[in-house]
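# Structural description and commentary
Chain residues, written in single-letter form:
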Amino acid sequence: SYPLCALAVSDERPVSTQSTWDDLEEDEENFILVLKGASEKVLQYCSEIIDEKGTREFTQEDKEKINEDIAVLSKMGERVLGFCMALLPKEKFSTVEFDGDNADNCNFPMNGGLSYIGMISMIDPPRPGVPEAVASCQQAGIRVIMVTGDHPLTAQAIAKKVGIIHPDANSIILQEQRGEEVEKALNDEAQTAVVVHGTVLEREIAVGKDIEGQNKATTFWNKVLAKKYVSFARTSPAQKLLIVNACQERGGIVAVTGDGVNDSPALKKADIGVAMGITGTDVSKDAADMILLDDNFASIVKGVEEGRIIFDNLKEVDCLYSVFKYTRNPSVYSVCCSGHAFTATDTANSLC
């Protein structure tokens with residue numbers, strides 16, 4: 001009835017991270033509201049579904065079947081977008097100046113009155129060399145944590161593909177659990193990997209005390225970051241900043257990569273903010289300490305390797321200077337120059 005390709009957008013409005021509606025197109029009799037976004041959230045706006053038979057009631061059975069399809073595609077590492085629409089009669093809305101950026105402040109129907117059209121899945125494969133780069137980081141003692149807006153199942157699949165989560169690790173997704181269920185899942189030592197949904201993150205860091213009198217947020221972060229492999233999914237910009245803060249409070253030196261305006265607070269807060277040179281926005285580049293010219297994670301690893309070589313060389317130079325200054329011993333000096341300062345003499349050992 002309304003093929004997706006016919007719903008062209010000619011005057012796109014800015015979309016915030018809290019809203020998913022796109023635009024108001026129009027035909028001869030109606031304005032056409034088009035909405036796209038996180039597949040599971042789009043379903044919440046719909047009371048009807050458009051299929052090959054036309055428009056009909058959107059039943060619970062329909063929603064369960066769609067959620068099953070979303071899960072299948074997400075487990076394959078694909079990103080799934082849901083689409084829906086509504087017809088707004090011109091005779092009713094002709095004088096309305098359409099305004100609002102979320103379901104609560106829009107001056108047109110947005111709560112449950114839309115028709116579900118369908119979904120599209122797409123894959124954004126990891127760049128060549130990223131799994132090897134992640135492995136190099138882990139071998140060098142650098143912990144890699146993924147923070148994404150994707151579905152938790154998509155995040156888990158991609159994390160396993162690139163090695164952020166070991167393929168054989170027992171992992172759990174914290175999405176629907178609450179209170180004691182979250183605590184029980186995090187206390188399970190057999191689960192070495194965790195993927196935390198943004199809604200769980202928001203609930204668990206709320207102000208309050210646990211049974212032992214500790215701040216709930218502190219307890220939650222301690223248990224999450226104690227896991228060997230950690231990823232976050234469906235996160236907001238504010239939550240990215242909270243994740244950076246939590247890692248820093250636990251003694252971490254944090255580097256953050258990002259390319260969007262919404263990444264700017266986390267890039268600014270990080271000890272080292274790394275923006276993307278090709279896809280990055282000007283705002284993210286201004287907030288970052290470093291700009292990655294090729295947008296490739298593997299280049300960061302190469303930079304770390306070169307930096308550590310320089311640091312090691314500086315330590316050797318400092319050692320050489322100390323030995324020469326305090327011993328004035330040519331034999332020790334020559335040993336240092338030959339690269340054996342740490343084993344040549346007791347004097348060299350005590351000074352280097």
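Within every chain, residues take consecutive numbers counted from 1 along the sequence as written. Under the rules for a predicted model, residues below a pLDDT of 70 receive no local features and side-chain atom pairs below 80 are neither given nor counted, while totals for whole chains, interfaces and linings still include all residues. The side-chain quantities take in all heavy atoms of the structure and omit both hydrogens and water.

## Structural notes on helix α6 (residues 180-187)
Burial here depends on accessible area, computed with a 1.4 Å probe over protein chains only, as a share of the maximum for the residue type. Under 20% is buried, over 50% is exposed, and the range in between is partly exposed. Strands are runs of DSSP state E lasting at least two residues, helices are runs of H or I lasting at least four, and both sets are numbered from the N terminus onward. Residues of α6 that are buried include every one of Val182, Ala185 and Leu186, and no others. In a view along the axis of α6, the buried residues occupy a sector of 95°, so they form one face of it. Turned more than 90 degrees away from the buried face of α6, the exposed residues are Glu180 and Lys184. Contacts are assigned to residue pairs with any non-hydrogen atoms lying within 4.5 Å of each other. Residues of α6 that are buried in the fold lie against β8 (171-174), β9 (193-197), α7 (198-204) and α8 (216-225). Think of it as the arc spanned by the lines of direction from the helix axis to the C-beta atoms.

## Comments concerning α8
Here α8 has its buried residues at Ala217, Thr219, Phe220, Trp221, Val224 and Leu225. Looking at the buried residues of α8, the elements they touch are α6, β9, α7, β10 (229-233) and α9 (237-249).

## Thoughts on the pairing of strand β4 (residues 54-57)
Paired strands are those between which DSSP finds at least two bridges. Both strand β3 (residues 46-51) and β4 contribute to a ladder of 4 bridges, which runs antiparallel. Bridge pairing in β4 links Asp51 to Gly54. Here β3 folds back onto β4 in antiparallel fashion, the turn holding 2 residues.

## What to know about the side chain of His197
Looking at the secondary structure, you find His197 in strand β9. The class for His197 is buried, based on a relative accessible area of 7%. Residues within four places of His197 in sequence aside, it is in contact with Pro152, Leu174, Gln175, Ala233 and Arg234.

## Focus: the sheet that holds strand β7 (residues 146-147)
Strand order in this open sheet of 4 strands is β7-β10-β9-β8, and the pairing throughout is parallel. Strand pairing shows two members of the sheet lacking a second neighbour, β7 and β8, which therefore form its edges. Pairing between β7 and β10: 2 bridges, direction parallel. Within the sheet, the bridge partner assigned to Met146 lies in β10 and is Ser231.

## Digging into the nonpolar core
By size, the foremost hydrophobic cluster in this structure holds 26 residues, and its most contacted members are Leu174, Val194, Val196, Phe220, Trp221, Val224 and Phe232. Listing elements by their share of this core, those giving two or more residues are β8, α6, β9, α7, α8, β10, α9 and α10 (264-269). The leading source of residues in this core is α8, at 5 residues. If we ignore the near neighbours within four places in the chain, the residues touching Leu174 are Val182, Ala185, Leu186, Val194, Val195, Val196, His197 and Val200. Buried Ala, Val, Leu, Ile, Met, Phe, Trp, Tyr and Cys residues form a nonpolar core when they are joined through side-chain atoms within 4.5 Å.

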